[in-house]
Amino acid sequence: MSEKGVLAVPKFIKVKDIESARSGYNVYVKVVSVETRLIETRDGKKIPMVDAVVGDETASAKAFFK
């Protein structure tokens, strides 16, 4: 039998503490606006993308999702 690892408790931060060009943050935010678009990959596939503005009481930020 293999042992299962223990999950770490996530640490949530405020939007003002997010560093540019980094990923993997845990934040609670409100979605302010959303814009959807399709991007075309090199091999011709179309992938839906969502550009959003999100924020909390400290700041707002742009985010994108695919």
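Nothing here was measured: the structure is a model prediction, and the numbers come from that model. (Residues numbered from 1 in each chain as written. Predicted model: local features only at pLDDT ≥ 70, side-chain atom pairs only at ≥ 80, totals over all residues. Heavy atoms only, no water.)

A few words on the overall build of the protein. Looking only at helices and strands, one finds zero helices and three strands in the protein. When the elements of the protein are put in sequence order from the N terminus, they spell out β-β-β. In summary, the protein has a C-alpha radius of gyration of 16 Å against a globular reference of 11 Å for 66 residues, an excess of more than 25%. Overall, the protein is about 45 × 40 × 20 Å in size when its C-alpha atoms are taken along their principal axes. Considering the protein as a whole, with its 66 residues, one finds that 9% of them fall into the buried category. For the protein, contacts bridging at least 24 residues in sequence account for 21% of all contacts bridging at least 6. Carbon and sulfur atoms make up 55% of the accessible area of the protein, which amounts to about 6,200 Å² in all. If you average the places of the 12 positive and of the 9 negative side-chain charges in the protein, the two averages end up 1 Å apart. (Helix = DSSP H or I, 4+ residues; strand = E, 2+ residues; numbered from the N terminus. Rg over C-alpha atoms; globule rule 2.2 N^0.38 Å. Buried < 20%, exposed > 50% of the residue type's maximum accessible area, 1.4 Å probe, protein only. Contact = heavy atoms within 4.5 Å. Areas by Shrake-Rupley, 256 points an atom, 1.4 Å probe, with all protein chains shown as cover. Lys, Arg positive; Asp, Glu negative; His and termini not counted. Charge placed at Lys NZ, Arg CZ, Asp CG, Glu CD.)

Further remarks concern the side chain of Asp 56. Assignment of secondary structure puts Asp 56 in the loop between β2 (46-55) and β3 (60-65). No salt bridge is formed by the buried Asp 56. Its closest oppositely charged neighbour is Lys 14, at 4.8 Å. At a separation of 3.0 Å, a polar atom in the side chain of Asp 56 contacts the main-chain amide nitrogen of Val 15. Residues in contact with Asp 56, not counting those within four places in the same chain, are Lys 14, Val 15 and Tyr 28. (Salt bridge = Lys/Arg side-chain N within 4 Å of Asp/Glu carboxyl O. Polar contact = N/O pair within 3.5 Å; in protein donor to acceptor, adjacent residues only side chain to side chain.)

The next point concerns the sheet that holds strand β1 (residues 30-40). Two strands in a sheet stick together by hydrogen bonds in their backbones, pointing the same way (parallel) or opposite ways (antiparallel). A sheet is described by the order of its strands in space; here three strands give the open sequence β1-β2-β3, paired in antiparallel fashion. A strand with exactly one partner marks an edge of an open sheet, and here the two such strands are β1 and β3. Put simply, the sheet's adjacent strands are angled 20° from each other on average, direction ignored. Inspection of the sheet shows β2 paired to β3 by six bridges, in the antiparallel sense. Of the residues in β3, the one forming a bridge with Val 54 is Ala 61. (Pairing = 2+ DSSP bridges. Axes fitted to C-alpha atoms, helices over the stretch in contact; angles between N-to-C directions.)

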